[in-house]
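Close look at the chain arrangement
Okay, here's what each chain looks like letter by letter:
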Amino acid sequence: MTETSSTSAAVHTLNSIALDDGIFAIIAMDQRNTLRRMFKAVGREGTDAELLESKRDVARALSPYASGILFDPTFGVPALAGNDALADSCGLLIASEPAVRGTFNGEPQTHRDPELNSQWVLEQGGDANKFFVQLRADRPSPQPGEPDLVANAIAATAEVIADAKAAGIPAVIENLVYPLPGEDLSGKALEDAVVESARALNELDADLLKLEYPGSPEGVRRLASVLDRPWAILSAGVPFDRFEEVLKIAFDEGGASGFIAGRSIWRESIEVDGAERATFLSEVARPRLERLVSIATERARPWTSVVSVSN
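Quick look at the structure, then. In this text, all values refer to a predicted model and were calculated from it rather than measured experimentally.

Conventions adopted
- The written sequence of each chain sets the order in which its residues are numbered from 1.
- Restriction of local features to residues with pLDDT of at least 70 applies here, the model being predicted, together with a cutoff of 80 or more for giving and counting side-chain atom pairs; totals for whole chains, interfaces and linings are based on all residues.
- Computation of side-chain values covers all heavy atoms of the structure but excludes hydrogens and water.
- Secondary structure elements are taken from DSSP: a helix is a run of H or I of four residues or more, a strand is a run of E of two residues or more, and numbering for both begins at the N terminus.
- The atom set for the radius of gyration is the C-alpha atoms, and the globule formula is 2.2 Å times the number of residues raised to the power 0.38.
- Note on classification: 1.4 Å probe, protein chains only; a residue is buried when its accessible area is under 20% of the maximum for its type, exposed when over 50%, partly exposed between these limits.
- What makes two residues a contact is simply this: any of their non-hydrogen atoms within 4.5 Å.
- Only buried residues count toward a nonpolar core, which is a set of Ala, Val, Leu, Ile, Met, Phe, Trp, Tyr and Cys residues joined through side-chain atoms within 4.5 Å.
- To define axes, lines are fitted to C-alpha atoms, for helices over the stretch in contact only, and angles between the resulting N-to-C directions are given on a 0 to 180 degree scale.
- Any angle between 65 and 115 degrees counts as roughly perpendicular, while under 35 counts as roughly parallel, over 145 as roughly antiparallel, and the rest as oblique.
- The handedness criterion is simple: a crossing whose near helix is rotated anticlockwise from the far helix by less than a right angle is left-handed, and one whose near helix is rotated clockwise is right-handed.
- Note on residue categories: nonpolar means Ala, Val, Leu, Ile, Met, Phe, Trp, Tyr, Cys or Pro, charged means Asp, Glu, Lys or Arg, and polar means any other residue, Gly included.
- Regarding the arc, it is the one traced by the directions from the helix axis to the C-beta atoms.
- Two strands pair under a simple rule: DSSP has to find at least two bridges between them.

Here the focus is the overall build of the protein. Looking only at helices and strands, one finds 11 helices and 10 strands in the protein. Computed over the C-alpha atoms, the radius of gyration of the protein is 18 Å, within 12% of the 19 Å expected from 2.2 N^0.38 for a compact globule of 311 residues. For the protein, the spread of C-alpha atoms along the principal axes amounts to about 55 × 45 × 40 Å. Taking all 311 residues of the protein together, the buried fraction comes to 53%. Within the protein, counting contacts between residues at least 6 apart in sequence, those at least 24 apart form 73% of the total.

So, in structure tokens, the structure goes:
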């Protein structure tokens, strides 16, 4: 992608969430309601205090080995207050999407909260604004009287990106597709949904796209063919061994510039606490992260080779 005046304000600050070689190695732990459900699923209460502590522990153990960490403003950012949990070398991405999103006939409706803007992200100590959109660009056109979910999602995302440009920080846009009512979203249908939604988002001027695996190497090649900006692969909570393989495909076949991964690395840490959690994070999660960083360093495409950078 050739740099334009609309991207020049934020392009250079992508370095604040990348390794020195231009590769993204980002830990994701921006879950709120999902994390609480994860605690309850393993027989724990999932209190606010438990969520705060889990995020603080992950940051302290893993941020020295990551280029960035993605946190929410409800529990993640407060978990970093008044302590040294976040390594100086690790950038901070803050999720700016509302914690609660509406639905229409079972489909998610993407919207933004204007108060959670990029200036707010900066005031929270963030280096990048991450916005989560659930876009099915291939869904049927709305019937009369129905909301246009695609147009609304695109408009909200465009507003976030424009606001980030004005504030001078990167806009990181995450998308997860979802099944339409009655749809079996797998195989070719999943691939088409991921690719077509990425195509639509690519038309906007985001600095970095956080995208899911479309299901196959061929799907990754199709995904790469519609992108002309940096993208990072997300883990979607798959087992670590599976994500390791997905990562290689994303780099080798799709030219991804790194990863933004969460549960695949730290999931089991919420089952324990105290010394047991510290041991797990040190002896299991950290080697997982280091393995992913090694793969990324060897195979990923630096974001600086995708975007023309001028100093």
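Anyway, onward from the coordinates.
One finds I27, I173, W231, I233, F259 and W266 to be the most contacted residues of the largest nonpolar core, which totals 78 residues. The element that contributes the greatest number of residues to this core is helix α11 (residues 274-299), accounting for 8 residues. When near neighbours in sequence (up to four residues on either side) are disregarded, I173 contacts F131, V133, T157, V160, I161, L201, A206, L208, L209 and K210. By size, the runner-up hydrophobic cluster in this structure holds 17 residues, among which are A18, I26, V172 and V307.

Let us now look at the packing of helix α7 (residues 187-202) against helix α8 (residues 217-225). As a packed pair, α7 and α8 sit with axes 9 Å apart at the nearest point and diverge in direction by 15°. The angle between α7 and α8 places the two elements in the roughly parallel class. For the pair α7 and α8, the crossing hand works out as right-handed. Seen from α7, the contacting residues are K188, E191, D192, V194, V195, E196 and A198; seen from α8, they are G219, R222 and L223. Classifying every residue of the contact of α7 with α8 by side-chain character gives 4 nonpolar, 1 polar and 5 charged.

The next thing to look at is helix α2 (residues 33-41). Of all the positions in α2, only L35, M38 and F39 are classed as buried. Angular distribution of buried residues about the axis of α2 spans 100°; they occupy a single face of the element. Projecting away from the buried face of α2 at angles above 90 degrees are the exposed residues R37, K40 and A41. Where α2 is buried, its residues contact β1 (24-29), α3 (48-62), α10 (263-266) and α11. Positive backbone phi, approximately 80°, marks G43, located one or two places after α2.

Turning our eyes to something else, we now look at the pairing of strand β8 (residues 208-211). Burial along β8 is two-sided: the residues L208 and K210 and L209 and L211 are all buried. Note that strand β7 (residues 171-175) and β8 share 3 bridges and pair parallel. By the bridge assignment for β8, V172 is matched with L208. Here β8 runs beside strand β9 (residues 231-234); their pairing, made up of 3 bridges, is parallel. Following the sheet pairing, K210 is matched in β9 by A232.

Around the barrel, which closes on itself, the 8 strands sit in the order β1-β2-β3-β6-β7-β8-β9-β10 with parallel pairing between neighbours. Across this sheet, the average inter-strand angle for adjacent strands is 25°, counted without regard to direction. When β9 meets strand β10 (residues 258-261), the two strands line up parallel, connected through 2 bridges. What sits directly across from L234, in β10, is I260. Here helix α9 (residues 240-254) sits on the sheet in contact with β9 and β10, set at roughly 160° to β9. The sheet strands contacting α11 are β1 and β10, and the helix crosses β10 at an angle near 155°.

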